[in-house]
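Single-letter residue listing:
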Amino acid sequence: MSATVTNFAVRTAAFDFAARAYTYRLVLAFVFTCFILFSVVFDHSRTGIFILSLSVYLFCTDLFHRAALKDLACGRLSFALMVSLSVTAAFVYSILKTFVSAPLFGLPGDLYLEGALLAVLALWVMRREVQRREQTKVFIKKLDDFLPKAARLCRGRRTFKVFAHELAPGDIILVKPGERIPCDGVVAKGASAVDESIITGNMLPTAKKKGSVIFAGTLNKADEIYIEVTGLLATSVVMDIINAIKNSEINRAPGVCFLDRAAKFYLPLGILYAGGVFLWLLHASGYQNVFYYSGAFWLSLALVCTPAFVFAAWLGHSFAYAGAAAHKIILQNVDALDHLAESDTLFFDKTGTLTHGELRVEGVFAETASQLKQMLESVSSAEQMVDGPFAKAVNLYAKEHNIKLRKVISFDVLPGLGVVANCGRDKIVCGRETWLREMGIETQVEMFSGDKPLICVAKNGKFLGHLTLSDTLRPGAADAVRFLQQKDKELVLISGDNELSVSSIAKQVGIEKMSYNVLPKTKAEIINNMRAAGHKVVMVGDGFNDIIALLRSDASIVFFSGRNLYNNWVDIIIKRNDLYSLPDLFKINKKLKRVIHGNFFLSFLFGAGLAFYVLFGVRGSLPWYTVPGGLALGLGIVFLNSARLLRIR
């Protein structure tokens, strides 16, 4: 496999610290802030409040100061730098108010409480951001279910239980129905049906006979088979998939958050605003009393980073999650929305993604109209105790149409061929057309499309008719493809299924490019090569065989099913039955960006306005809660603006 292509943005220094470092400081800052609030409300000693605030500044916001210095050294403007400057400005302003006897332009009081509150909120938000990037989001525990622990090794007429890793090429093993195959190999004796969906994505069990190739980790469904070992579990395809999950770092993990992006623009603007107010006042006084008017600079700078600014992105994301969830879309990595909008290539899996992933009875064709009821009763009765996708489709059809089932005395399943059932004195045969012909039963199958599976039905040697089955497209599949093509996205259908099946689905939805019989490792190589060529790639999948490709893409989208073992770490999970959800993702992204940009602008405007009001709009003393109340009002406005994301249109 080609080297993994990485897509890291330049990471700011705040992400160099572990989430637990922010957690410890958050708890400490919260405790100190509660004491400061208590002291301010009951008008305790200003010296005591100073000591508490100094503790917050030195022991709780030190991570922001250290990150700010690193970012400055690298020429980066970041959220950590913005917090550090605002907290420092609030602290300096408060010290001057407390310990310097000379008058200072601005509030009659100090900003100890405001600085401590900003520290608590900034620590809480950064802790969540760092924590989100530390999560590996991998279900390691459940992956062991796909690794057979033991094998039945055959020596002459005796069978021994050994560990799977003790097998060697050339050994003969016995695999019983319901067991996972512990090695790569070829069938040496017997015949069965093997579920290879975790490798190929094909939901139909594959008929295996002597000489057939077997993959490790696949499930033997029907009968005992003897397998000659050709490859060990450690070097198998399924182990490649599992190792990719266990050892892979999610290459699309974000490094620059929305707060850092906003700080690049609003931090210089805030410094210019604070400096402009100071110079204007100084100029108006004839450049006298520099110390006195410096209070305007410190106060304005302290209000550059407000609680509304800190929560501007987080509130937007939270309401976007809720709004998307109402549409049965789970956003686990909101940055994936940007990757989707910016992508130029989308790879689609077939089974379970463009299609439902389950067979359904599509057509019922009886030899004569009078035989229709008899045919349906016969096939439903014969398949009622069989396990498999064909039987499941027939049983569901029988349940939906209230078909009366007869009691089965005995039945026999022939892997890859069909089922023989005895119901009273009647012998019912259901299966492939070629198999019925081999048994001497003349079939007359018409109006049948060769790319769809079918079940032929006979009773007591007489052909009754046949049923056609299909894995139907999800609603909106063709519309979603047209929508993406209008967005100038290149679409590729990539599947482990056969050419006939893949080309049929591609034609139905309007996708021109396709790859079939593609193993998981090859899917990942294709995506790696595309990204290495400068393309931005999104993978839309469903099955276990898509895992490596999902990991290697810029963004991953999956349709939820009980088979998904990776729901905990993919970017976006769709719990809907249709593909109209893909256009919805573009709507969510567009509205989310608009709301977050609006939040940052509103928060900055409100902070600047509050500073202007305090400096120029107030005469006389102010209650202690004026500035905290004003900051809370700004946060409320941002909250209401973010709530618009609950409705995605």
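The structure presented is a predicted model; accordingly, all values stated were derived computationally and were not measured. (Residues numbered from 1 in each chain as written. Predicted model: local features only at pLDDT ≥ 70, side-chain atom pairs only at ≥ 80, totals over all residues. Heavy atoms only, no water.)

A. Expanded view of the sheet that holds strand β6 (residues 206-208). Strand order in the open sheet formed by 3 strands is β6-β5-β8, with antiparallel pairing between adjacent strands. With one partner strand each, in any of the chains shown, β6 and β8 (219-220) form the two edges of the open sheet. With 3 bridges joining them, strand β5 (residues 192-195) and β6 adopt antiparallel strand pairing. Paired with valine 194 across the bridge in β6 is threonine 206. (Pairing = 2+ DSSP bridges. Helix = DSSP H or I, 4+ residues; strand = E, 2+ residues; numbered from the N terminus.)

B. Broad picture of the sheet that holds strand β18 (residues 490-494). Pairing is mixed in the open sheet, where 7 strands are placed in the order β10-β22-β21-β20-β11-β18-β19. Lying at the two open borders of the sheet, with one neighbouring strand each, are β10 (329-331) and β19 (513-515). Averaged over all pairs of adjacent strands, the angle between their axes in this sheet comes to 20 degrees, without regard to strand direction. Where strand β20 (residues 537-541) lies against strand β21 (residues 555-559), 4 bridges are found, and the strand directions are parallel. Bridging across to β21, methionine 539 finds its partner in serine 556. (Axes fitted to C-alpha atoms, helices over the stretch in contact; angles between N-to-C directions.)

C. Quick look at the pattern of salt bridges. Per the stated rule, a full pass over the model turns up 20 salt bridges. Across the salt bridge formed by glutamate 433 and arginine 437, the nearest N and O atoms sit 3.2 Å from each other. Placement of both glutamate 433 and arginine 437 in helix α17 (residues 433-438) is noted, with a separation of 4 residues, approximately one turn of the helix. A residue is classified by how much of its surface remains accessible, and glutamate 433, at 23% relative accessible area, is partly exposed. (Salt bridge = Lys/Arg side-chain N within 4 Å of Asp/Glu carboxyl O. Buried < 20%, exposed > 50% of the residue type's maximum accessible area, 1.4 Å probe, protein only.)

D. Up close: helix α12 (residues 312-326). Over its 15 residues, α12 runs 22 Å from end to end, which matches the ideal 21 Å to within 8%, given 1.5 Å per residue. Among all positions in α12, only Ala312, Ala313, Leu315, Gly316, His317, Phe319, Ala320, Gly323 and Ala324 are buried. Buried residues belonging to α12 abut α9 (258-284), α11 (307-310), β10, α22 (581-616) and α23 (626-642). Looking at the residues trailing α12, positive phi occurs at lysine 328, about 60 degrees. (Expected span 1.5 Å × (residues − 1). Contact = heavy atoms within 4.5 Å.)

E. Structural context of the nonpolar core. Counting residues in each nonpolar core, the largest one holds 124 residues, and the members touching the most others are Phe79, Phe348 and Phe600. Here the element with the most residues in this core is α22; it accounts for 13 residues. The residues touching phenylalanine 79, leaving out its near neighbours within four places in the chain, are Phe64, Ala122, Met126, Leu259, Asp260, Ala263, Cys305, Phe309 and Val310. Within the second largest apolar cluster, 24 residues are counted, among which are Leu359, Tyr397, Val408 and Ala421. (Core = buried A, V, L, I, M, F, W, Y, C linked by side-chain atoms within 4.5 Å.)

F. Structural view of the packing of helix α4 (residues 79-99) against helix α10 (residues 290-302). Relative to each other, α4 and α10 sit at 145 degrees, their axes nearing to 8 Å. Every pair of crossing elements has a handedness; the one defined by α4 and α10 is left-handed. Of the residues in α10, those in contact with Leu85, Ser86, Ala89, Ala90, Val92, Tyr93 and Leu96 of α4 are Phe291, Gly295, Trp298, Leu299, Leu301 and Ala302. Residue classes in the contact of α4 with α10 are distributed as 11 nonpolar, 2 polar and no charged. (Left-handed = near helix turned anticlockwise from the far one by under 90°. Nonpolar A, V, L, I, M, F, W, Y, C, P; charged D, E, K, R; others polar.)

G. Seen up close, the packing of helix α2 (residues 46-59) against α4. Here α2 crosses α4 at 160 degrees, and the two axes come no closer than 11 Å. As summarised for this structure, α2 and α4 are arranged roughly antiparallel, according to the angle between their axes. Considering only the axes of α2 and α4, their crossing is left-handed. Along its contact with α2, which presents Arg46, Phe50, Ser53, Leu54 and Tyr57, the element α4 presents Val87, Thr88, Phe91, Ile95, Thr98 and Phe99. (Parallel < 35°, antiparallel > 145°, perpendicular 65-115°, else oblique.)

H. Spotlight on unusual backbone geometry. Even without being a glycine, lysine 328 presents a positive backbone phi close to 60 degrees. Within the secondary structure, lysine 328 sits in the loop between α12 and β10. One non-glycine residue, asparagine 460, adopts positive backbone phi at about 55 degrees. Here asparagine 460 shows up in the loop between β16 (454-459) and β17 (462-470). Judged by its relative accessible area of 45%, asparagine 460 is partly exposed.

I. Layout of the packing of aromatic side chains. A complete count under the given rule lists 26 aromatic pairs for this structure. Here phenylalanine 38 and phenylalanine 42 contribute two aromatic rings whose centre-to-centre distance is 4.8 Å and whose plane-to-plane angle is 45 degrees, an arrangement assigned as tilted. The exposure class of phenylalanine 42 is exposed, given its relative accessible area of 52%. Arranged with centres 5.3 Å apart and planes meeting at 70 degrees, the rings of phenylalanine 297 and tryptophan 298 form a pair that is edge-to-face. Since its relative accessible area comes to 22%, phenylalanine 297 is described here as partly exposed. Owing to a relative accessible area of 24%, tryptophan 298 belongs among the partly exposed residues under this scheme. Every member of this aromatic cluster is reached through a ring pair, and the members are Phe105, Trp280, Tyr292, Tyr293, Phe612 and Phe616. (Phe/Tyr/Trp six-rings, centres within 6.5 Å; stacked < 30°, edge-to-face > 60°.)

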